[in-house]
Amino acid sequence: VETEFFNSYRRNPSGTVVAKPERIELVNARFEPCASKKEALYLREITPVSNGYLLRVVKTDGRVLMTGGSTDPHGKVLNGHFRYYDESGTLRAEGDYVNGQKFGTWARFDDRGAALPAKEYDGLDWDAKQIKLGLATLSASIGDVAVK
């Protein structure tokens, strides 16, 4: 079913399909919405749940590549526990997003599922990370970053 849907939707990728209660979008290799047939590789499902929205990216054969959550109906602000799988279905990474930023310990795995060294994230965006590292300071204008 996903393959038929993907192929028909890909012929006319003008937006989002709403299949109550979920939204379905074409996404590219980075799981970002796209309107170009050439970029469209996967389907992203956005389903309302009690505390926000459940996100799933699936291949045309139905295999899951990503699961997680969002605080908005367009899936732009990632929030909650995420799992990323490779093309063969092997779990490759899992961890949490808080308000769109990776946070805490992320477990990583190789293509056979063996654990790789974990990564730590502090939840800071690019500008805040530059300030934390002392590479930039806040200027007189709120939100502007002045490079040292």
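Note that the structure is a prediction, hence the values are computed from the model and not measured. Throughout, a residue's number is its position along its own chain's written sequence, starting from 1. Only residues with pLDDT of at least 70 are given local features in this predicted model, and only at 80 or more are side-chain atom pairs given and counted; all residues enter the totals for whole chains, interfaces and linings. Side-chain descriptors were evaluated using all non-hydrogen atoms of the structure, hydrogens and water having been removed beforehand.

Participant: Is there a simple way to think about the overall build of the chain in this case?
Facilitator: Of regular secondary structure, the chain possesses two helices and 11 strands. Relative accessibility under 20% of the residue-type maximum defines a buried residue, over 50% an exposed one, and the middle range a partly exposed one, all with a 1.4 Å probe and only protein chains included. Counting all 148 residues of the chain, 30% fall into the buried class. For the chain, the share of sequence-separated contacts (at least 6 apart) that also reach a separation of at least 24 residues comes to 16%. Per element, the accessible surface of the chain, about 9,100 Å² overall, is 54% carbon and sulfur. For the purposes of this entry, the term helix denotes a DSSP run of H or I that reaches at least four residues, the term strand denotes a run of E that reaches at least two, and both are numbered from the N terminus. The contact definition used throughout considers only heavy atoms, calling two residues in contact when any of these lie within 4.5 Å. Using the Shrake-Rupley algorithm and a 1.4 Å probe, accessible areas are obtained, with residue cover drawn only from the displayed protein chains.

Participant: Just checking my understanding: could you explain the nonpolar core for this structure?
Facilitator: Counting residues in hydrophobic clusters, the biggest one holds 14 residues, and the most contacted among them are Phe 31, Val 57, Met 66, Phe 82 and Tyr 84. Apart from residues lying up to four places away in sequence, Phe 31 is in contact with Tyr 42, Arg 44, Val 57, Leu 65, Met 66 and Tyr 84. Here the nonpolar core consists of buried residues drawn from Ala, Val, Leu, Ile, Met, Phe, Trp, Tyr and Cys, with membership extended through side-chain atoms lying within 4.5 Å. Listed in part, the six residues of the second largest apolar core include Ile 24, Leu 26, Cys 34 and Leu 43.

Participant: Even after reading the chapter, I still don't get the pattern of salt bridges, so can you show me in this structure?
Facilitator: Pairs can form between side chains of opposite charge once their charged atoms are near each other. Salt bridge, as used here, is a side-chain nitrogen of Lys or Arg placed within 4 Å of a carboxyl oxygen of Asp or Glu. By the definition in use, this model includes nine salt bridges. As a salt-bridge pair, Glu 45 and Arg 56 come within 2.9 Å of each other at their nearest N and O atoms. One end of the pair, Glu 45, is in strand E3 (residues 42-49); the other, Arg 56, is in strand E4 (residues 52-58), and 11 residues separate them in sequence. By relative accessible area, Glu 45 is classed as buried at 12%. A salt bridge links Asp 110 to Arg 112, with the shortest nitrogen-to-oxygen separation between them at 3.5 Å. Here Asp 110 falls in the buried class, since its relative accessible area comes to 15%. Residue classification places Arg 112 among the exposed positions, given a relative accessible area of 71%. Residues joined by salt bridges that share partners form a network here, namely Arg 23, Glu 25 and Arg 44.

Participant: Honestly, the pairing of strand E6 (residues 80-85) in this entry has me stumped. Any pointers?
Facilitator: Working note: regular strand, side chains alternate between the two faces of the sheet. Where strand E5 (residues 64-70) and E6 come together, two bridges link them in antiparallel fashion. For Thr 67, the partnering residue across the bridge sits in E6 and is Arg 83. Both E6 and strand E7 (residues 91-98) contribute to a ladder of six bridges, which runs antiparallel. In the strand pairing of E7, Gly 80 is matched with Tyr 97. At least two DSSP bridges between two strands are needed for those strands to be called paired.

Participant: Just to check I follow, could you spell out the side chain of Asn 28 for this structure?
Facilitator: Summarising the element assignment, Asn 28 is placed in the loop between strand E2 (22-27) and E3. Contacts described as polar in this section are N or O atom pairs within 3.5 Å, which, within protein, must combine one atom able to donate a hydrogen with one able to accept it, while residues neighboring in sequence count only if both atoms come from side chains. A distance of 2.9 Å separates the side chain of Asn 28 from the backbone nitrogen of Arg 30, its partner in a polar contact. Excluding its chain neighbours within four sequence positions, the residues that come into contact with Asn 28 are Cys 34, Glu 39, Leu 41 and Tyr 42.

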